[in-house]
Amino acid sequence: MKPLFSLAILLILFVSCSNTKQETTATQSTKTDYCQYVNPMVGTSTMGHTFPGATAPFGMVQLGPQTDMQPYFNPDGSYNKKTYEYCAGYQYRDTTIIGFAHTNFSGTGHSDLGDFLVMPTTGNLVLEPLKQENGDKGFYSVFSHENEKAAPGFYSVKLDDYNINAKLTASERVGFHQYTFPKSDDAHIILDLVYNIYHYGQKNVWTFLRVENDSLVTGYRQTKGWGRTRKVFFAMQFSKPFKSYGHKKYDEDNYDGHYRYFKQEENFPEMAGRDIRAYFNFSTTENEKIQVKFALSPVSTAGALNNLEAEIPHWDFEKVKSETQEKWNNELAKIDVESISEEDKRTFYTALYHTMLSPIIYEDVDGSYRGLDQNIHQSEGFTNYTIFSLWDTYRALHPLFNLIQPERNNDMIKSMLAHYDQSVHHMLPVWSHYANENWCMIGYHSTTVLADAVVKGVGNFDRTRALEAAVTTAKVPYFHGIGEYMKYGYVPEDLNSYSVSKTLEYAFDDWCIAQIAKNTGNTAVENEFLERSTAYQKVYDPSIGFMRPKLSNGKFKKEFDPLDTHGQGFIEGNAWNYGLYVPHQVEDMVEMMGGKKRLSGMLDSLFTMELDDKYIEKNEDITRDGMIGNYVHGNEPGHHIPFLYNYTDEAYKTQSRVRMILKTMYGAEVNSLCGNDDAGQMSAWYIFNSLGFYPLAPGSEFYELGSPSVKKAVVSFENGNQLTITAKNQSEENVYVSKVLLNGKEIQGTKISHFDLIKGGDLVFEMSNEIQPLK
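Residues numbered from 1 in each chain as written. Predicted model: local features only at pLDDT ≥ 70, side-chain atom pairs only at ≥ 80, totals over all residues. Heavy atoms only, no water.

Things to note about the overall build of the protein chain
Item 1. Scanning the protein chain from terminus to terminus reveals 17 helices and 37 strands.
Item 2. Here the protein chain has a C-alpha radius of gyration of 26 Å; the compact-globule value for 775 residues is 28 Å, and the two agree.
Item 3. Among the 775 residues that make up the protein chain, the fraction classed as buried is 65%.
Item 4. On the protein chain, roughly 27400 Å² of surface is accessible, and the fraction owed to carbon and sulfur atoms is 48%. (Helix = DSSP H or I, 4+ residues; strand = E, 2+ residues; numbered from the N terminus. Rg over C-alpha atoms; globule rule 2.2 N^0.38 Å. Buried < 20%, exposed > 50% of the residue type's maximum accessible area, 1.4 Å probe, protein only. Areas by Shrake-Rupley, 256 points an atom, 1.4 Å probe, with all protein chains shown as cover.)

As for the nonpolar core
Item 1. Residues Ile335, Met547, Leu580, Phe693 and Leu763 are the most contacted members of the largest nonpolar core, which totals 148 residues.
Item 2. If one sorts the elements of this core by residue count, helix H11 (residues 499–520) sits on top with 11 residues.
Item 3. The contacts of Ile335, once residues within four sequence positions are left out, are Tyr34, Phe348, Tyr349, Leu352, Ile404, Ile687, Leu691, Ala713, Val714 and Val715. (Core = buried A, V, L, I, M, F, W, Y, C linked by side-chain atoms within 4.5 Å. Contact = heavy atoms within 4.5 Å.)

Here we look at the pairing of strand E15 (residues 270–273)
Item 1. Side chains of E15 alternate between two faces, with Met271 and Gly273 buried and Glu270 and Ala272 left unburied.
Item 2. Pairing of strand E11 (residues 204–213) with E15 involves 4 bridges; the strand directions are antiparallel. From the neighbouring strand, Leu209 faces E15, where its bridge partner is Met271. (Pairing = 2+ DSSP bridges.)

Observations regarding the pairing of strand E16 (residues 276–284)
Item 1. Within E16, 8 of the 9 residues are buried, leaving the element largely enclosed by the surrounding structure.
Item 2. Alignment of strand E10 (residues 184–192) against E16, held across 7 bridges, turns out to be antiparallel. Residue Leu191 lies in a different strand from E16, and its bridge partner there is Ala278.
Item 3. Direction of pairing for strand E14 (residues 244–249) relative to E16: antiparallel, over a ladder of 6 bridges. Bridge pairing in E16 links Tyr245 to Phe280.

Remarks on the sheet that holds strand E17 (residues 288–297)
Hydrogen bonding along the main chain pairs the strands of a sheet, whether they run parallel or antiparallel.
Item 1. In spatial order, the strands read E6-E7-E8-E9-E17-E13-E12-E11-E15; together these 9 strands make up an open sheet with antiparallel pairing. Of all the strands in the sheet, the pair left with one neighbour each is strand E6 (148–151) and E15. Taking each pair of neighbouring strands and ignoring which way they run, the sheet shows an average axis angle of 15°.
Item 2. Relative to strand E13 (residues 230–238), strand E12 (residues 216–223) runs antiparallel, the two being bridged by 8 bridges. In the strand pairing of E13, Gln222 is matched with Lys231.
Item 3. Seen against the sheet, helix H2 (residues 301–311) touches strand E9 (174–181), E12, E13 and E17 and runs at an angle of roughly 50° to E13. (Axes fitted to C-alpha atoms, helices over the stretch in contact; angles between N-to-C directions.)

Description of helix H7 (residues 406–422)
Item 1. In this model H7 runs 24 Å from its N-terminal to its C-terminal C-alpha over 17 residues, within 8% of the 24 Å that 1.5 Å per residue would give.
Item 2. The element H7 is extensively covered by neighbouring structure, given that 15 of its 17 residues are classed as buried. (Expected span 1.5 Å × (residues − 1).)

A word on the side chain of Ser368
Item 1. Within the secondary structure, Ser368 sits in strand E20 (residues 368–370).
Item 2. At 2.7 Å, the side chain of Ser368 and the side chain of Asp366 are in polar contact.
Item 3. In contact with Ser368, other than residues within four places in its own chain, are Val299, Glu363, Ile376, His377 and Gln378. (Polar contact = N/O pair within 3.5 Å; in protein donor to acceptor, adjacent residues only side chain to side chain.)

Some thoughts on the side chain of Thr347
Item 1. Along the chain, Thr347 turns up in helix H4 (residues 342–354).
Item 2. Assessed through its relative accessible area of 4%, Thr347 is described here as buried.
Item 3. Ignoring sequence-local partners within four residues, the contact set of Thr347 consists of Tyr666, Gly667, Ala668 and Tyr686.

Comments concerning the packing of helix H6 (residues 397–404) against H7
Item 1. Direction vectors running N to C along H6 and H7 enclose 130°, while the axes themselves pass 6 Å from each other. The angle between H6 and H7 places the two elements in the oblique class. When H6 is examined against H7, the residues His398, Phe401, Asn402, Leu403 and Ile404 are found in contact with a partner set consisting of Pro406, Asn409, Met412 and Met416.
Item 2. When its residues are assigned to classes, the contact of H6 with H7 shows 6 nonpolar, 3 polar and no charged. (Parallel < 35°, antiparallel > 145°, perpendicular 65-115°, else oblique. Nonpolar A, V, L, I, M, F, W, Y, C, P; charged D, E, K, R; others polar.)

Structural notes on the sheet that holds strand E31 (residues 702–705)
Item 1. Spatially, the 3 strands line up as an open sheet ordered E30-E31-E36, and their pairing is antiparallel. Looking at strand neighbours, the two that pair on one side only are strand E30 (693–694) and strand E36 (751–753), the edges of this open sheet.
Item 2. With 2 bridges joining them, E30 and E31 adopt antiparallel strand pairing. Bridged to Tyr694 within E31 is Glu704.

Okay, structure coming up:
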């Protein structure tokens, strides 16, 4: 066979100089091993949908186990509800592993990805992953959690059916496998290019592989799923030559041109088709290790090779693992906490870890990336990111980045502006991944991310350009009822579904746009969008005291149940919870809804009422394990609700509710997450509230004060300052706050400024088990 692919040799020279981008430069080592407190398995049971495998912070490669292959459709064409359980490819209750994929979402409520499944096996070659109808076994293996370990940057498991020990680690763009085989003349490594998450029959558009030599394979796959035009390129390098190889093609292709003259199934160095499973055969001695480096690129196979040689030019598995865990330690060290219990500490650092699994770096080491227009672009002055689950993450995740990851959030915003430049719709991202807009959920919440950074002075992105992008996005008439919203001043339910949720979310986004305009001195745009931001008033029905769907004739919808989460004008919520979403004008909402006393009583009822199953049975994103009464913490629209007590005369109830949620909705075990982590939003809520404050209205400089659960925390900011948060007299029982002092000065009211926090110093909460109204 040919010598090692010559291009790879040239690339070694090309990338030998150091890369100065933030994701590949390790900072100084930290003394504390924060990784020991992280349990990546938290949320892998039932609804959490978290990713348990090996990855670097914000890494493109997320290399992890896949435990089943559930198709999106049932045989009769109906939706297969079980596929929802496998948004991250893994369910803790399963006892089988079908392989290790290189791309995954974490915590989402819909899915895609699962690219390039690799599975080591021994014995007779089997190319079907699951048990067949005739009873034949697939290439899956049973495993035991006793022989499974997950940590930041590392995953290992014993594949019992083959007596193979699998270890995984990763850099930002390269997955590193290490398989310890038994003695065998029939050892195989399977590359399954049929498998993906949320699979359906026509999802794979095309797959192409080249066997460059006896240890290097390159190729790509294009899929049409949630991202409808998605290409991922790869380079796969083995630590030893394979003795033979081949593939099986599952699609029926009647035309193959003059390729039909070749015997392509075995030892033929090109493979092409819609659905392909390739295999590579080895002979192994007892306990022999075969390693595989698997690099990804959004651009080309040459880019993948470049990434491979730049990030892991050697075969030292432990070195890569150690370097990646050092990167994780440096990120986790940004908040050093002393907790009431060890379990609380593990919960905290696991949540902090989950906030750094996305968005992900989406460019090669040379800065090239595939854009929304499917052309190749070069990042200039920023690192390009993707996976923006914005209906979720604008609420707390991006505000958290503005606190502890401002440089990275600046890059994310520049990525959003690049998306806008490449969009034929002239829109900022709604929910985007891998050079695709998937249009999931409602709102134009990129504008909120931009506004929060503008108001808090984060980043060097062009503010005027940001305003232009936000205004243009907010005026695209065919997106989710915006045309009707601009015409009527609200979204009419008879013309567009989920009308109340859309009206409320749009109103908040418009207020955020007004904040950008104010910051840039554009008074005309500021006034225009401040007026639009009052749209919530038009869908409030004072005769019943709830937000309610309104029709295009100006009348409220007659058939209406404020408890029902289906068909009542709300998406993934009801009038009781989602109807309280006016974060930018809470005082006006309180007055509109009857005053402080009525709102406080309504909140009390929300947290204590019993809600019949019939009201949530049609929503797979709302489940009992994420509910307290009719308050749904397992889903995002209500995450601000506990802080509404701060706008009544009973702010102490914010404190007690927050501490109850922290204790009952989170934990350090596999089943401890009360709902989808939603790309880190659920975890970001935990981090903020553990520290004692929360961004009720992103786009404002102020946070709402709550009740911290930590005893002490030291937050290190990128500006070099440190904030020490101390909760005096802290205990499980002392959930009430009697006094808050910043640098010795008592804070009046329930708000604290971002700018005061990042100056550093001492923030002291004096805790009590007795109700102590704040001044």
